[in-house]
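This is what each chain is made of:
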Amino acid sequence: MKSECSGSNRGRVLAWVGAVGAVFLAAQPASAADTVKIGASLSITGPASFLGEPEEKTLKIYVDKINAQGGVNGRKLELVVYDDAGDANKARTFATRLVEEDKVVAIVGGSTTGATMAMVPVAEDAKVPFISLAGAIVIVDPVKKFVFKTPHTDRMACEKIFADMKKRGLTKVGIISGTGGFGKSMHDECVKVASTSGVEIVADETYGPKDSDMTPQLTNIKNKAGVQALLNADFGQGPAIVMRNIKQLGITLPVYQSHGVASKSFIDLAGPAAEGVRLPAAALLVADKLPANDPQKPIAVGYAQTYEKETGKPVSTFGGHAYDGLMMLVEAMKRAGSADPVKIRDEIEKTKGFIGTAGMFNMTSTDHMGLDLGAFKMLQIKNGDWTLAD
Amino acid sequence: MLARLGPPAAIAAVILLAPLLFQSGYHFRIGALVWINALAVIGLNVLMGLAGQVSLGHAGFFGIGAYAAAVLPARYGLHPLAATAAGAVLCAAVAFTVGRPILRLKGHYLAVATLGLGMLVAMVLTNEVWLTGGPDGMPAPRPDLGGWRISGPETWYWISGTVLVLGVLLAQNLRISPAGLALGALHDSEVAAGTLGVDVARSKLVAFVVSAVYGSVAGSMLAFLNGHVTPDRAGFLQSIEFVTMAVLGGLGSMIGSVAGAAVLVVIPQVLTFFHEYEHLMLGVLVILIMVLLPSGVVPALSSLLARRRKE
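Treat the numbers as computed from the prediction; the structure is a model and nothing was measured. (Residues numbered from 1 in each chain as written. Chains lettered and ligands numbered in written order. Predicted model: local features only at pLDDT ≥ 70, side-chain atom pairs only at ≥ 80, totals over all residues. Heavy atoms only, no water.)

A.B. asks: When you look at the overall build of chain A in this model, what are you seeing that I'm missing?
C.D. replies: When helices and strands are counted, chain A shows twelve helices and 14 strands. For 390 residues, the compact-globule formula gives about 21 Å, and the C-alpha radius of gyration of chain A, at 23 Å, lands near that figure. For chain A, the C-alpha atoms occupy an extent of roughly 85 × 60 × 40 Å along the three principal directions. Within the span of chain A, comprising 390 residues, buried residues form 58% of the whole. Taking the intrachain contacts of chain A between residues at least 6 apart in sequence as the baseline, contacts between residues at least 24 apart amount to 68%. Carbon and sulfur atoms form 55% of the exposed surface of chain A, whose accessible area is close to 15500 Å². Positive and negative side-chain charges in chain A, numbering 44 and 43 respectively, have mean positions lying 1 Å apart. (Helix = DSSP H or I, 4+ residues; strand = E, 2+ residues; numbered from the N terminus. Rg over C-alpha atoms; globule rule 2.2 N^0.38 Å. Buried < 20%, exposed > 50% of the residue type's maximum accessible area, 1.4 Å probe, protein only. Contact = heavy atoms within 4.5 Å. Areas by Shrake-Rupley, 256 points an atom, 1.4 Å probe, with all protein chains shown as cover. Lys, Arg positive; Asp, Glu negative; His and termini not counted. Charge placed at Lys NZ, Arg CZ, Asp CG, Glu CD.)

A.B. asks: Looking at this model, I keep getting lost on the pairing of strand 6 (residues 172-178) of chain A. Mind explaining?
C.D. replies: A regular strand carries its side chains on alternate faces of the sheet. Residues and elements named next belong to chain A. Across the seven residues of strand 6, six count as buried, placing the element largely inside the fold. Where strand 6 lies against strand 7 (residues 200-207), seven bridges are found, and the strand directions are parallel. Note that in strand 7 the partner of K172 across the bridge is E200. Handedness of the β-α-β unit built from strand 6, helix 6 (residues 181-194) and strand 7 comes out right-handed. Sheet analysis places strand 6 next to strand 8 (residues 229-233), joined by five bridges and oriented parallel. Bridge pairing in strand 8 links V173 to A229. (Pairing = 2+ DSSP bridges. Right-handed = clockwise from strand over helix to strand, strands pointing away.)

A.B. asks: Any chance you could explain the state of the cysteines here in plain terms?
C.D. replies: Residues and elements named next belong to chain A. A full pass over the atoms with the stated rule returns one disulfide over all chains. Across a sulfur-sulfur distance of 2.1 Å, C158 and C190 are joined as a disulfide pair. Between C158 and C190, the S-S dihedral sits near -90°, and the bridge is therefore left-handed. Of this pair, C158 sits in helix 5 (residues 154-167) while C190 is found in helix 6, placing the two residues 32 residues apart along the sequence. (Disulfide = S-S within 2.5 Å.)

A.B. asks: Please explain the confidence of the model for chain A as it appears in this structure.
C.D. replies: Residues shown with low pLDDT carry predicted positions that ought not to be read at fine detail. Residues and elements named next belong to chain A. The predicted model of chain A averages 87 in pLDDT, with 92% of residues at 70 or higher. The least confident element of chain A, judged by mean pLDDT, is helix 1 (residues 7-27) at 50; the most confident is strand 4 (residues 130-132) at 95. A low-confidence stretch, residues 1-8 (pLDDT under 50), is modelled with three contacts involving residues beyond four sequence positions or located in other chains. Scored below 50 in pLDDT, residues 24-32 makes twelve contacts in the model with residues more than four places away or belonging to other chains. (pLDDT = per-residue confidence, 0-100.)

A.B. asks: Any chance you could explain a nonpolar patch on the surface here in plain terms?
C.D. replies: Residue and element names in this part refer to chain B. Together, F273, F274, Y277, L280, M281, V284, I287, L288, V291 and L292 line one region of the surface with nonpolar side chains, adding up to about 1000 Å² of accessible area. You can see Y277 is positioned in the loop between helix 12 (254-271) and helix 13 (278-292). Relative accessible area serves as the criterion here: at 52%, Y277 is assigned to the exposed category. (Patch = residues over 30% accessible without salt bridge, like charges linked within 9 Å, V, L, I, M, F, W, Y side chains within 5 Å. Salt bridge = Lys/Arg side-chain N within 4 Å of Asp/Glu carboxyl O.)

A.B. asks: Can you help me understand the packing of helix 3 (residues 88-100) of chain A against helix 4 (residues 113-126) of chain A in this one?
C.D. replies: The packing of two helices is summarised by the inter-axis angle and the distance between the axes. All names here are of chain A. Running from N to C, helix 3 and helix 4 cross one another at 25°; their axes reach a closest spacing of 8 Å. In this view, helix 3 runs roughly parallel relative to helix 4, as classed from their interaxial angle. Crossing geometry of helix 3 relative to helix 4 is assigned as right-handed. When helix 3 is examined against helix 4, the residues A88, A91, R92, A95, T96 and V99 are found in contact with a partner set consisting of G114, A115, A118, M119, P121, V122 and A126. A class-by-class count of the residues in the contact of helix 3 with helix 4 yields ten nonpolar, two polar and one charged. (Axes fitted to C-alpha atoms, helices over the stretch in contact; angles between N-to-C directions. Parallel < 35°, antiparallel > 145°, perpendicular 65-115°, else oblique. Left-handed = near helix turned anticlockwise from the far one by under 90°. Nonpolar A, V, L, I, M, F, W, Y, C, P; charged D, E, K, R; others polar.)

A.B. asks: Looking at this model, I keep getting lost on the interface of chain A and chain B. Mind explaining?
C.D. replies: Often the size quoted for an interface is simply the accessible area lost on bringing the parts together. With 35 residues of chain A at the interface, the matching set in chain B holds 33 residues. Interface area, chain A with chain B, both sides summed: about 2900 Å², of which 52% is carbon and sulfur. At the junction of chain A and chain B, the tally comes to two salt bridges. Note that A:D125 and B:R142 form a salt bridge whose closest N and O atoms lie 3.0 Å from each other. Joining chain A to chain B, the criterion identifies 14 residue pairs in polar contact (both at pLDDT 80 or more). Mapped by element, the contributors of at least two residues to the side of chain A that touches chain B are helix 1, strand 2 (76-83), helix 3, helix 4 and helix 6 of chain A. Considering only residue class, the side of chain A that touches chain B consists of twelve nonpolar, twelve polar and eleven charged. (Buried area = accessible area lost by both parts, 1.4 Å probe. Polar contact = N/O pair within 3.5 Å; in protein donor to acceptor, adjacent residues only side chain to side chain.)

A.B. asks: Any chance you could explain the domain arrangement of chain A here in plain terms?
C.D. replies: Residue and element names in this part refer to chain A. Under the domain assignment used here, chain A contains domain 1 (32-152 + 296-375) and domain 2 (155-281). A straight line from the C-alpha centre of domain 1 to that of domain 2 covers 29 Å. If you look at the interface, domain 1 gives 15 residues, while domain 2 gives 14 residues. For the pair domain 1 and domain 2, the summed buried area comes to about 1200 Å², and 73% of that belongs to carbon and sulfur atoms. Three residues stand out in domain 1 for area buried against domain 2, namely I137, H152 and L373, and they jointly supply 41% of the buried area on that side. Where domain 1 meets domain 2, there are zero residue pairs in polar contact (both at pLDDT 80 or more). (Domains from an automatic or database assignment.)

A.B. asks: How should I be thinking about the pairing of strand 13 (residues 377-382) of chain A in this particular structure?
C.D. replies: All names here are of chain A. Counted residue by residue, strand 13 has five buried out of six residues, so it is predominantly covered. By the bridge criterion, four bridges tie strand 10 (residues 278-281) to strand 13 in an arrangement that is antiparallel. Bridge assignment links P280 to a residue of strand 13, and that residue is M378.

A.B. asks: Would you explain the pattern of salt bridges in this entry?
C.D. replies: Should their charged atoms come close, side chains of opposite charge can pair. Residue and element names in this part refer to chain A. If you walk through the whole model with that rule in mind, you get 17 salt bridges over all chains. Across the salt bridge formed by E189 and R155, the nearest N and O atoms sit 2.7 Å from each other. Highlighted residues: E189 in helix 6 and R155 in helix 5, separated in sequence by 34 residues. Residue R155 is classed as partly exposed on the basis of its relative accessible area, which comes to 25%. Residues K192 and E189 are paired through a salt bridge, measuring 3.4 Å at the closest nitrogen-oxygen approach. Taken together, the residues K192 and E189, both in helix 6 and three residues apart, mark about one turn of the helix. Its relative accessible area of 53% is what places K192 among the exposed residues.

Laid out in C-alpha cells, this is it:
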C-alpha cells in the first residue's frame, strides 16, 4: 500500500470528513439553558405500538399544555422522545443517550417490560428518576431506588379477576395465555395467586404471538370437565381472535380478559364476540359513567376529553399511564422546587393521594407503584361499549 | 505483509482515534455497539464472504453467547469470563453438530436450514422461562476481575475494540492459511475445489464453527455491556441485520464488516432527528448504497480509489 495521496484525493477525503462531521453536529440537540428536559423512550412503532403511540401523543399534548401555562418552577419543559420499537437493546441505547447526551432530569416510559428492564441499569447508575409505563411486577419488585411505574401490575389484575370470579361462584378456571412477554408474565402471576384466591386452574393452554387461530386450545379447555370460567391473559390482537373463536365454538362460559385489552380497538377487532366479556381496567374507560362523587371522575373525564379532542382517537388506558407518569413527575418537581434528579426522585417517592387516570397513588420507599386493588374497576363490555360491572 | 496487516492496523487506528470526537458515555456506547456488531459480522463474513455459504441464523449464535454470559453466572455461579468461554465452546459444539448435516445443502436450501436453526434458538430462549427469564429477558451480571468491576460504556468500548482487532487478526490469518485458501477455492467452485483435493465438507464445517464462535463472543460482550439480555437478540431480524451489515460493507472485506456495522448502528441514531421518517430514510439509504455500490461500501470505494490513482 503506497500512499501518496494526490491533491484531488485529499480534497475529497477532507470533504467526506467534513460531511460526516456536519451530520454529527446536526445531530447534536440544540442546547437551551432555560428549559428542563424530560426524556422518553417509547415503542411508537413495532408490535407494541398500540402502547407507545398513545403514550407519545399524551406526553406531547400535556407538555405543550404545561408550557402554555408557564412551565414548571418558572421553566419550560422540553420533551425528548425516541422510538425504541419495543427493542430492548435500542431502548438501552436511547436511555443512555437521554441521560448522557440530552441530560434529561427524568425519564418517562419504556412501553414494554423488556425495554424497561433494559433501561433500569442506566437510570440507576446515573441516578435519574425513571417512571416506567410497563406492566410486569419485576419492575418494582424488588424495589429499585430510582425506578417507579404507573400501570397496575399483572398480579393485581389476577387478584381482581379471581375475586370477581369467586363472588360469582366460579372457582374452576381455564386459562389461555399468549407466550409473549405480557401474556407469559401475567399467566405466571395468575398461577401464583390462584391458590390464595381460592380459585383452581383446571386447564392451561398457550398460543404464540403470531397465531391466527386458537380453536384447538379452546377446544381442549371446552372438553375439560368442570371448567366454569375462561381467562385470557394477553394483549394485542391475540385476545380478539380468542373471542371470535370462542363464539365460533359456541362456548358459553363467562370470559375474562386482562387489562391488556383495555382499548377501543379490542372491541372493534372482536366485534359482537366481545359482548359480555369482563376485564379489570382503570376507571378511565368509563370516565363519564363514574358516579359524580368519585374523586377520579374529573381527572379521568378531563384526560379522556382532551385526548379525544386533540387526536381524534378513542382514549386508551395506555396513554393514561403516560399522563399519570408525567403529572406525578411534574408535581414532584414542583414540590422539590428544583430540577435536581435526586431531589425529584425523593419527591416522587413521597407522592401521596395523587389521583391519576389509573387510580390513587400512594408511593412509599417499599412500594414504587403506589396503587391498590381499589384502583381497578371490573368492567363489562355491553352493546360495544365499556360498562361498570359492579 | 502490508496487505495482511493493513486492515487490522486501520481498524485499530480508528478505535484509538475515534474517542477524540467523543463527548459522552453515549458515544462510547455507540462505539462499543459498532465493534461488537462488527465482530459478529466478521465471523459471518468468514462463512459468507470467504467460503460463500449463506447463513440466515447467525443471530442464533449471538443469542447463545449473550445468554451464556447471563444464565451461567446467575444460575450456576460461573465466573462471567468463564461463561463467555463456555458460550463459545457451546456454540462451536452446536455449529459442529448441526453443521455436518446442513452444510450438505446449497444455496437457498442452506439459507432456509440456517434460518430454522436461528429461529429454534430464539424460540428456546423465549419459552424456557425457568432458565432464560422468557420474552422479557433476564439481567446479566457485571463481571469483575480481581476486585475491579468491569462496567460502563467506556470500559467496554476499549475491551470490545481490543477483541475486534484480535478477531480481525485471526480472521486475516485464517484467510491466508491453507484452510482459508481452501475455503476461497470452494467459494469459486465446490467441484473444482474437490478435484484439487480440498475436503469440501470439512472446510465448510470449519468456517461455520469459526463464524459461530465469533458470534458467540460478540453476544457475550453485548450482554455485559447492556447488563440485560432479551430473546430478540437471537431473532430473525437480528440475523437479517448481520447479513445486511456484511453485504452493505462488502462481502469478504474486513474493513467492510466494520463499516457495515457502523452504518447500521450509527445512522439510525443520527436519523432520530427526522422522527417519523427515520425508517423511511434508513430504507432509502440502504437501497441507494446497494444500487450505487453493489459490491458493498468498502470494496466499491477502494476500487474507485485504485482506478483514480491509475489515471
